[in-house]
Amino acid sequence: ARPHNWTETNVSVASSFLKRFVDSVSGLTDSWAITVDETIGKKSGSRTHGVGYHYSSKDEKVIKSIAVLNLSLTHSTRKLSLPMVQEQLIFPPLSLDQQAAKAAKKAKKTVSKTTETVAKPVGRPIGSKNKPKGDKTEQTAEMAYTFQVLSQVLTCFLLYFVKFLKVYISLKYVVGDGGFGNNTVAKICSDKGLHLISKLQYNAALYYAFSGTYSGLGRPPTYGDKLDYDHLEEQLKDY
């Protein structure tokens, strides 16, 4: 019937637990990590707070449910997981402009299927000017909503972590599934002094830095050879 700071309660309980078992579970610094995951709970009706339609990997389809982002403190060798922060994901509704843009895109796609395909010119239009590109890492307003919540729960946990848990353990890593394996989440973790451990998305491509000699013509190359996932040991041996 009243607001309660569950994060502070969870961290306080974990702190008292670690006080009793600090010698047996503290281990090495690398043994502790923050694990994050988004889970959903199936719901019916329309009165549940934040109910909507979310993809269920278990059902392999979109179902009516609530979505929750969970953050836990995990020990990698002791099979120990301490839940710390849970935040329900309330996805904001589309604005009128976004709804109009979505409808226009859908209508355009429908028309393109019914009309004959016309070859489009390839490349940059003649006479076009260079346009400055903003730093995507600073465009927090355009950051995906889930990543905003992730940043919030990490900030919230680390705030109480310094107060309660830093005496017993130290943290370096955030572990997440493939949905968190992107540059945005890596930047969020890096800004908080943490390293991200995740699975790369299937379409991710990694390149070595350019190490050749600049020819003096055009823009200096940034990328070197592309990383071959099938021959990693051979490629990385000399790198």
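The following refers to the structure shown.

Analysis parameters
Residues numbered from 1 in each chain as written. Predicted model: local features only at pLDDT ≥ 70, side-chain atom pairs only at ≥ 80, totals over all residues. Heavy atoms only, no water. Helix = DSSP H or I, 4+ residues; strand = E, 2+ residues; numbered from the N terminus. Buried < 20%, exposed > 50% of the residue type's maximum accessible area, 1.4 Å probe, protein only. Polar contact = N/O pair within 3.5 Å; in protein donor to acceptor, adjacent residues only side chain to side chain. Contact = heavy atoms within 4.5 Å. Salt bridge = Lys/Arg side-chain N within 4 Å of Asp/Glu carboxyl O. Axes fitted to C-alpha atoms, helices over the stretch in contact; angles between N-to-C directions. Parallel < 35°, antiparallel > 145°, perpendicular 65-115°, else oblique. Left-handed = near helix turned anticlockwise from the far one by under 90°. Nonpolar A, V, L, I, M, F, W, Y, C, P; charged D, E, K, R; others polar. Core = buried A, V, L, I, M, F, W, Y, C linked by side-chain atoms within 4.5 Å. Patch = residues over 30% accessible without salt bridge, like charges linked within 9 Å, V, L, I, M, F, W, Y side chains within 5 Å. Areas by Shrake-Rupley, 256 points an atom, 1.4 Å probe, with all protein chains shown as cover. Expected span 1.5 Å × (residues − 1).

**Observations concerning the side chain of serine 56**
Here is step 1: With respect to the helices, strands and loops of the structure, serine 56 is situated in strand 2 (residues 52-56).
Here is step 2: Overall, the relative accessible area of 6% leaves serine 56 in the buried class.
Here is step 3: Within polar-contact distance, the side chain of serine 56 engages the backbone nitrogen of aspartate 59 at 3.1 Å.
Here is step 4: Those residues in contact with serine 56 that lie beyond four places of it in its chain are Ile40, Lys61 and Ile63.

**Comments concerning the pattern of salt bridges**
Here is step 1: One pass over the structure, following the stated rule, counts two salt bridges.
Here is step 2: For aspartate 59, the salt bridge goes to lysine 42, with nearest N and O atoms at 3.6 Å. A residue pair is termed long-range when its members are at least 10 positions apart, and aspartate 59 in the loop between strand 2 and strand 3 (61-75) and lysine 42 in strand 1 (residues 32-42) qualify at 17 residues.
Here is step 3: A residue is classified by how much of its surface remains accessible, and lysine 42, at 61% relative accessible area, is exposed.
Here is step 4: Across the pair aspartate 191 and lysine 187 runs a salt bridge, and its minimum N-O distance is 2.9 Å. Taken together, the positions of aspartate 191 and lysine 187, both in helix 4 (residues 183-191) and four residues apart, correspond to about one turn of that helix.

**Focus on the packing of helix 3 (residues 145-164) against helix 4**
Here is step 1: Viewed as axis vectors pointing N to C, helix 3 and helix 4 meet at an angle of 20 degrees, and their least axial separation amounts to 10 Å. Our classification of the angle between helix 3 and helix 4 gives roughly parallel. The chirality of how helix 3 crosses helix 4 is right-handed. Contact residues: helix 3 offers Phe147, Leu150, Ser151 and Leu154, while helix 4 offers Thr184, Val185 and Ile188.
Here is step 2: Counted by class, the contact of helix 3 with helix 4 contains five nonpolar, two polar and no charged residues.

**Concerning the environment of serine 198**
Here is step 1: Tracing the backbone through its elements, the reader meets serine 198 in the loop between strand 6 (195-197) and strand 7 (207-209).
Here is step 2: The spacing of serine 198 and glycine 179 is 19 residues in sequence and 8.5 Å in space, taken between C-alpha atoms.
Here is step 3: The residues touching serine 198, leaving out its near neighbours within four places in the chain, are Gly176, Asp177, Gly178, Phe180 and Gly181.
Here is step 4: Among the polar contacts listed, one links the side chain of serine 198 to the backbone oxygen of glycine 176, at a separation of 3.2 Å.
Here is step 5: Only 3.3 Å separates the side chain of serine 198 from the backbone nitrogen of glycine 181, close enough to count as a polar contact.

**Section: the side chain of serine 65**
Here is step 1: Inspection of the secondary structure puts serine 65 in strand 3.
Here is step 2: Within the structure, serine 65 has its side chain in polar contact with the backbone oxygen of isoleucine 63 (distance 3.3 Å).
Here is step 3: The contact partners of serine 65, leaving out residues within four places of it in the chain, are Ile40, Gly41, Lys42, Lys43, Gly50, Val51, Gly52 and His54.

**Points about the nonpolar core**
Here is step 1: Core analysis: the largest hydrophobic core is formed by 34 residues, its most contacted members being Ile34, Leu71, Leu73, Met84, Phe157 and Leu165.
Here is step 2: Counting only elements with at least two residues in this core, the list comes to helix 1 (6-25), strand 1, strand 3, strand 4 (80-89), helix 3 and helix 4.
Here is step 3: Top contributing element to this core by residue count: helix 3, with ten residues.
Here is step 4: Once residues within four sequence positions are removed from consideration, methionine 84 is found in contact with Thr7, Asn10, Val11, Ala14, Leu71, Ser72, Leu73, Phe157 and Leu165.

**Considering a nonpolar patch on the surface**
Here is step 1: Together, Leu200, Leu206, Tyr229, Leu232 and Leu236 line one region of the surface with nonpolar side chains, adding up to about 420 Å² of accessible area.
Here is step 2: Judged by its relative accessible area of 41%, tyrosine 229 falls in the partly exposed class.

**Quick look at helix 3**
Here is step 1: In this model helix 3 runs 29 Å from its N-terminal to its C-terminal C-alpha over 20 residues, within 8% of the 28 Å that 1.5 Å per residue would give.
Here is step 2: Among all positions in helix 3, only Thr146, Phe147, Val149, Leu150, Val153, Leu154, Phe157, Leu158, Tyr160, Phe161 and Phe164 are buried.

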